[in-house]
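Commentary on secondary and tertiary structure
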Amino acid sequence: MTITKVNVRNQVISKPNARLLAESITIQYDHRVISKNLSIEIPEGSFTVIIGPNACGKSTLLRALSNLLKPSEGQVLLDGKNIHSYKSKEVAKKLGLLPQSSTAPEGITVANLVAHGRYPHQNLIRQWTEADELAVINAMELTNTLELSNRFVDELSGGQRQRVWVAMVLAQQTPLLLLDEPTTYLDIAHQIELLELFKDLNEQGNTLIAVLHDLNQAARYATHLIAMKNGKVIAQGKPCEIVTEQLIEEVYGLKCMVIEDPVTHTPLIVPLGRAGINEN
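Summary of the structure given here.

Rules used in this analysis
- Residues numbered from 1 in each chain as written.
- Predicted model: local features only at pLDDT ≥ 70, side-chain atom pairs only at ≥ 80, totals over all residues.
- Heavy atoms only, no water.
- Buried < 20%, exposed > 50% of the residue type's maximum accessible area, 1.4 Å probe, protein only.
- Helix = DSSP H or I, 4+ residues; strand = E, 2+ residues; numbered from the N terminus.
- Arc of directions from axis to C-beta.
- Contact = heavy atoms within 4.5 Å.
- Pairing = 2+ DSSP bridges.
- Salt bridge = Lys/Arg side-chain N within 4 Å of Asp/Glu carboxyl O.
- Axes fitted to C-alpha atoms, helices over the stretch in contact; angles between N-to-C directions.
- Parallel < 35°, antiparallel > 145°, perpendicular 65-115°, else oblique.
- Patch = residues over 30% accessible without salt bridge, like charges linked within 9 Å, V, L, I, M, F, W, Y side chains within 5 Å.
- Areas by Shrake-Rupley, 256 points an atom, 1.4 Å probe, with all protein chains shown as cover.

Time to look at helix α9 (residues 245-252). Structural remark: α-helix, 3.6 residues per turn; residues separated by three or four positions point the same way. Along α9, the residues that are buried comprise L247, I248 and V251. Across the axial projection of α9, the buried residues extend over an arc of 95°, all falling on one side. Contacts from the buried residues of α9 go to α7 (215-221), β11 (224-229), β12 (232-237), α8 (239-242), β13 (256-260) and β14 (267-271). Backbone geometry just after α9 places G253 at a positive phi near 70°.

Structure (structure tokens):
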């Protein structure tokens, strides 16, 4: 593994050569602390999925990693530098974010919203180019939203809007993608379609970090899994190494069986429910 030297609070510390990591961060809203002294490293080239119960700090961690929320202590490092030392446009060229809830300007078309993803690449000298046009078209093709290009965003269904927002993030063409509950509002077919797209992007060299609620989808698609509870990381690693009945009960308070998925050979969580518990 390649090691790099990172300067943290005037101390030189050896760190693995990860593009994105959190170093002893404390995250809070006003005076309410969500996570304290949290250190986490996103493996380069991984499809990292963060799981955990509601209000455990998953989305808050993603906000901190994406430059939306500044830690009160510690720092987030992007390419070896404090992420807050970058200008916003510089971060947006390296990192794309799909937030949990997004609001489009009233009366904007799908094509114009997706084109917003090219904003980090624009400046006074470089205006709209053919490369921008191709990036937007490609993003809409990947998300099956090209046929919606002339529709107004506010007249779309929730699932259609979600795919349009994903297209906008893809149009940024960043090596890092942060996705907060990207399958929200989507039916099961579109969920799998989108997760397969993320898998393809990961295999092409992109690093993805996603918050997912569906444990079986997380176990099937993640190459690296982070399990959180009460603002702390309980376990992290490959799904096949860390997903156990004991972990699911510890994190969720759910009794279950963990078996092998017959299709992907990844862990498959089967909740027991009262009937299963009584039988045992």
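Back to the text.
Let us look at the sheet that holds strand β6 (residues 73-78). The 4 strands are arranged β4-β3-β6-β7 in an open sheet whose pairing can be described as antiparallel. Either end of the sheet is taken by a strand with one partner, and the two such strands are β4 (32-42) and β7 (81-82). Examined bridge by bridge, strand β3 (residues 20-29) and β6 share 5 bridges and lie antiparallel to one another. Directly across from A22, in β6, lies its bridge partner V76.

Side chains that differ in charge, positive against negative, can pair when their charged atoms come close. A full pass over the atoms with the stated rule returns 6 salt bridges. D79 is paired through a salt bridge with R19; the nearest N and O atoms lie 2.7 Å apart. One end of the pair, D79, is in the loop between β6 and β7; the other, R19, is in the loop between β2 (11-16) and β3, and 60 residues separate them in sequence. Overall, D79 belongs to the partly exposed group, its relative accessible area being 29%. Here D132 ties to R118 by a salt bridge, and the two come within 2.8 Å at their closest N and O atoms.

On to unusual backbone geometry. The phi torsion of most residues other than glycine is negative, and most of the peptide bonds are trans. One non-glycine residue, Q173, lies in positive phi territory at about 55°. As for its placement among the helices and strands, Q173 is situated in the loop between α5 (158-171) and β9 (176-180). Overall, Q173 belongs to the partly exposed group, its relative accessible area being 48%. Even without being glycine, H265 reaches a positive phi, approximately 65°. Following the sequence through the fold, H265 ends up in the loop between β13 and β14.

This paragraph deals with the packing of α5 against helix α6 (residues 188-203). Orientation of α5 relative to α6, taken along the N-to-C sense of each, is 10°, at an axis distance of 12 Å. Here α5 lies roughly parallel to α6, going by the angle between them. Residues R163, V166 and L170 of α5 lie in contact with α6, whose contacting residues are H190, E193, L194, L197, F198 and L201.

A word on the sheet that holds strand β10 (residues 207-211). Reading across from one edge, β8-β9-β10-β5-β11-β12 is the order of the 6 strands in this open sheet, with mixed pairing throughout. Lying at the two open borders of the sheet, with one neighbouring strand each, are β8 (95-98) and β12. In this sheet, neighbouring strand axes are inclined to one another by 15° on average, regardless of whether the strands run parallel or antiparallel. Looking at chain direction, strand β5 (residues 47-51) and β10 are connected through 4 bridges and run parallel.

Attention now moves to a nonpolar patch on the surface. Nonpolar side chains collect at one region of the surface, where M257, I259 and V270 lie side by side and expose about 220 Å² of accessible area between them. Among the secondary structure elements, I259 is positioned in strand β13. Accessibility expressed as a relative area gives 37% for I259, which makes it partly exposed.

Glancing now at the pairing of β5. With 5 of 5 residues buried, β5 lies mostly within the body of the structure. Judged by which residues are buried, β5 turns out to be covered on both faces: F47, V49 and I51 on one side and T48 and I50 on the other are all buried. Pairing between β5 and β11: 4 bridges, direction parallel. Within the sheet, the bridge partner assigned to I51 lies in β11 and is A227.

All we've got here are geometric facts, nothing functional implied.
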